[in-house]
Amino acid sequence: MPELALDKQRIVTEAVALLDAEGLDGVTTRKLAARLGVQSPTLYWHIPNKAALVTAIAEAILEQQFPEMEPPAPEERWQDWLIGLAGRLRRALLAHPDGARIIAASQLSLKMAAISELAMSTLVGRDIPLRQARLIVLTVLRFTVGYVLEEQLGPPDADALDGFDMAAYAAAYPTVMAGVAEYFRPGHTVDDLFRDCLEQIIHGPAAQSGPTS
């Protein structure tokens, strides 16, 4: 079988596979070069540094969920459309280990810029002032990345919980514990929590929390 030519697309595809196998901390130029069967310096002909590699991985991750982007239909409420857009971003990040870390660490992501441009221009087109549109979109996108970052960190490990006094914690922070228990008692999931938080961001305190359909 003839050897495949090395190009940026092949490097990024292999980098995403390495991310899936070992997480962001495992994505090193040494490991990536080994998977490609080349020496590390060869990679720099196509991707100049680790920061550029991370951004290229971010672009590939986002492209999987956003191969195309369309504004809302005329009859669709921009609020519902924006919540759906944030949901797509969350799915893109959750599809890969450390997806949120990748996006947070990427610099000058053109796909994230395109998502922001579409969202802001959509809101401006619906008569939202530019400054307010920017703040809404920025808050929604950063909340989404932060939410997934916590999801992908997972629960505390056993070492962190060793010696932790949960009873004392509950006694010291009763409202926090009551709020958590009250929200999840009806069977809500972290998916419901994500959407309900977005409702609060977009609609404000008047948004009603409850089971989502």
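Colleague: Could you clarify how one ought to interpret the nonpolar core in this entry?
Modeller: Soluble, globular proteins show a tendency: their nonpolar side chains are buried together. The biggest cluster of nonpolar side chains holds 52 residues, and the ones touching the most others in it are Ile11, Leu32, Leu53, Ile57, Leu82 and Ile102. With 9 residues, helix 5 (residues 78–94) is the single largest residue contributor to this core. When neighbours within four sequence positions are excluded, Ile11 is seen to be in contact with Leu6, Leu32, Leu36, Leu43, His46, Ile47 and Leu53.

Colleague: Teacher, can you tell me more about the packing of helix 1 (residues 8–22) against helix 4 (residues 50–65) here?
Modeller: Packed helices, taken two at a time, are described by their axes: the angle between them and the distance between them. Closest axis-to-axis distance for the helix 1/helix 4 pair is 9 Å, and the angle between their directions is 80°. Regarding the angle of helix 1 to helix 4, the classification is roughly perpendicular. Across the interface between the two elements, Lys8, Ile11, Val12, Ala15, Val16 and Leu19 from helix 1 touch Leu53, Ala56, Ile57, Ala60 and Ile61 from helix 4. Class assignment of the residues belonging to the contact of helix 1 with helix 4 gives a composition of 10 nonpolar, no polar and 1 charged.

Colleague: Quick question: what am I supposed to make of the confidence of the model for the chain here?
Modeller: Predicted coordinates in regions of low pLDDT should not be interpreted in detail. On average, residues of the chain score 90 in pLDDT, and 94% of them are at 70 or above. Long-range and interchain partners of residues 209–213, a stretch whose pLDDT sits below 50, account for 8 contacts in this model, where long-range means more than four residues apart.

Colleague: Got a minute to help me understand the packing of aromatic side chains in this structure?
Modeller: For any pair of aromatic rings, the description consists of the separation of the ring centres together with the inter-plane angle of the planes. Within this structure, the stated rule accounts for 6 aromatic pairs. On the basis of an interplanar angle of 50° and a centroid distance of 5.5 Å, the ring pair of Phe143 and Tyr147 is categorised as tilted. Residue Phe143 and its partner Tyr147 are both found in helix 8 (residues 130–153); the two are separated by 4 residues, about one turn of the helix. Through a chain of ring-to-ring contacts, three or more aromatic side chains come together here, namely Phe143, Tyr147 and Phe194. It is Arg90 that lies over the ring of Phe194; its NZ or CZ is 5.0 Å from the centre.

Colleague: Is there a simple way to think about the environment of His188 in this case?
Modeller: Examined against the element boundaries, His188 turns out to sit in the loop between helix 11 (174–184) and helix 12 (190–203). Linking His188 and Asp7, residues 181 residues apart in sequence, is a C-alpha distance of 46 Å. Reaching out from His188, the side chain makes a polar contact with the side chain of Tyr183 at a distance of 3.3 Å.

Colleague: I would appreciate a short explanation of the environment of Gln9 in the present structure.
Modeller: Position of Gln9 relative to the elements: it lies in helix 1. For Gln9, a relative accessible area of 54% puts it in the exposed group. Along the backbone, Gln9 and Ala56 are 47 residues apart, and their C-alpha atoms lie at a distance of 9.2 Å.

Rules and cut-offs
Residues numbered from 1 in each chain as written. Predicted model: local features only at pLDDT ≥ 70, side-chain atom pairs only at ≥ 80, totals over all residues. Heavy atoms only, no water. Core = buried A, V, L, I, M, F, W, Y, C linked by side-chain atoms within 4.5 Å. Buried < 20%, exposed > 50% of the residue type's maximum accessible area, 1.4 Å probe, protein only. Helix = DSSP H or I, 4+ residues; strand = E, 2+ residues; numbered from the N terminus. Contact = heavy atoms within 4.5 Å. Axes fitted to C-alpha atoms, helices over the stretch in contact; angles between N-to-C directions. Parallel < 35°, antiparallel > 145°, perpendicular 65-115°, else oblique. Nonpolar A, V, L, I, M, F, W, Y, C, P; charged D, E, K, R; others polar. pLDDT = per-residue confidence, 0-100. Phe/Tyr/Trp six-rings, centres within 6.5 Å; stacked < 30°, edge-to-face > 60°. Lys NZ or Arg CZ within 6 Å of the ring centre and 35° of its normal. Polar contact = N/O pair within 3.5 Å; in protein donor to acceptor, adjacent residues only side chain to side chain.

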